[in-house]
Amino acid sequence: MKTLTAAGSIDALRDVLRQGTPIALAERADVVILPTASAFRGAEAAAIELASLFEEAGARVEALMNVSRDSSDEPHFAQRTRDADLVVLSDGSALHAKSVWRGTLVGEAIRESQRVAAVGSVASVLGDVMVDPRGGAPTNGLGYVSGLVIGVDASEEQLARTRLLLGEGATLAVLGHGGVVHFDGLDWRVIAPDVVTTRGEQFVEL
């Protein structure tokens, strides 16, 4: 994965598109949407919502109904994901997305994609370490990107537990509704300021 833009919500992703940075799409750019994480709450609805956003920006959009491990080993899905100008991952169940993508053709295609945008908790799955949404404990992610643990808003008790368990050896970025962080292949930076970054109990800046 060359670049990753992680947005706390579709609204935050929309704002990034309007600004034209760090996601700058050429006219008729090829955008592939993977609504995998939305399988339990409505993958089709999530795909339509994201597709509308990118069609408004002038992109050509295809949603791939990659909601199970069987579909993750579909060669066409993997090739479309690998070749797209931008791959967009919908919000939803981070644990489901992890189980569907781990060790599959589509999972490897996401890893090899040049540009990925992830909405909400699904962004956590892509790192070396992810935050288990069931209680906030760190666990193994897919390891597609490194250098940052990404989480989303949770109770103060749960966030405190996450920070304690991560310790001072890892940087945690918690995305609020309007928050956006971006990885350019080398470094992470905050794009929209509704983001809280910590190492252990200390607040830090990216």
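Structure's up top.
Residues numbered from 1 in each chain as written. Predicted model: local features only at pLDDT ≥ 70, side-chain atom pairs only at ≥ 80, totals over all residues. Heavy atoms only, no water.

Our next topic: unusual backbone geometry. Residue Thr 21 is joined to Pro 22 through a cis peptide bond whose omega torsion reads 5°. Relative to the helices and strands, Pro 22 resides in the loop between helix H1 (10-19) and strand S2 (30-34). In this structure, Arg 28 takes a positive phi of about 65° despite not being glycine. By the secondary structure assignment, Arg 28 is in the loop between H1 and S2. (Helix = DSSP H or I, 4+ residues; strand = E, 2+ residues; numbered from the N terminus.)

This part takes up the packing of helix H4 (residues 75-83) against helix H6 (residues 105-112). Across the interface, H4 lies against H6 with an axial gap of 8 Å and an inter-helix angle of 5°. In terms of axis orientation, H4 runs roughly parallel to H6. Counted together, Pro 75, Phe 77, Ala 78, Thr 81 and Arg 82 of H4 and Leu 105, Val 106, Ala 109, Ile 110 and Glu 112 of H6 form the full contact between these two elements. Residue composition of the contact of H4 with H6, grouped by class: 7 nonpolar, 1 polar and 2 charged. (Axes fitted to C-alpha atoms, helices over the stretch in contact; angles between N-to-C directions. Parallel < 35°, antiparallel > 145°, perpendicular 65-115°, else oblique. Contact = heavy atoms within 4.5 Å. Nonpolar A, V, L, I, M, F, W, Y, C, P; charged D, E, K, R; others polar.)

To continue, consider the nonpolar core. Nonpolar side chains in soluble globular proteins tend to be buried together. The biggest cluster of nonpolar side chains holds 37 residues, and the ones touching the most others in it are Leu 4, Leu 89, Trp 101 and Leu 126. Top element by residues in this core is helix H5 (residues 94-101). It accounts for 4 residues. The residues contacting Leu 126, other than those within four sequence positions of it, are Met 1, Leu 4, Leu 89, Trp 101, Ala 118, Leu 142, Gly 143, Tyr 144 and Val 145. Membership of the second largest hydrophobic core comes to 21 residues, among which are Ala 12, Ala 59, Val 180 and Ala 192. (Core = buried A, V, L, I, M, F, W, Y, C linked by side-chain atoms within 4.5 Å. Buried < 20%, exposed > 50% of the residue type's maximum accessible area, 1.4 Å probe, protein only.)

In this section: H6. The complete set of buried residues in H6 reads Val 106, Gly 107, Ala 109 and Ile 110. Buried residues of H6, viewed axially, fall in a sector of 160°; they line one side. The secondary structure elements touched by the buried residues of H6 are S2, helix H3 (69-72), H4, strand S4 (86-89), H5 and strand S5 (115-119). (Arc of directions from axis to C-beta.)

The subject of this paragraph is the sheet that holds strand S1 (residues 3-7). Pairing is mixed across the open sheet formed by 7 strands, whose spatial order is S3-S2-S4-S5-S1-S10-S11. The outermost strands of the open sheet, each flanked by one partner alone, are strand S3 (60-63) and strand S11 (188-192). Neighbour to neighbour, the strand axes of the sheet diverge by 20° on average, direction disregarded. (Pairing = 2+ DSSP bridges.)

On to the pairing of S3. Pairing geometry for S2 and S3, over 4 bridges, is parallel. Residue pairing for S3: Val 32 is matched across the bridge by Glu 62.

What follows covers the environment of Asp 15. Note that Asp 15 resides in helix H1. Asp 15 sits 165 residues away from Val 180 along the chain, and the two C-alpha atoms are 9.7 Å apart.

Attention now goes to the pattern of salt bridges. Summed over the entire model, instances satisfying the criterion amount to 6 salt bridges. Salt-bridge contacts for Asp 11 lead to Arg 14; the nearest nitrogen and oxygen are separated by 3.0 Å. Here Asp 11 and its partner Arg 14 are both found in helix H1, 3 residues apart, which amounts to about one turn of the helix. (Salt bridge = Lys/Arg side-chain N within 4 Å of Asp/Glu carboxyl O.)

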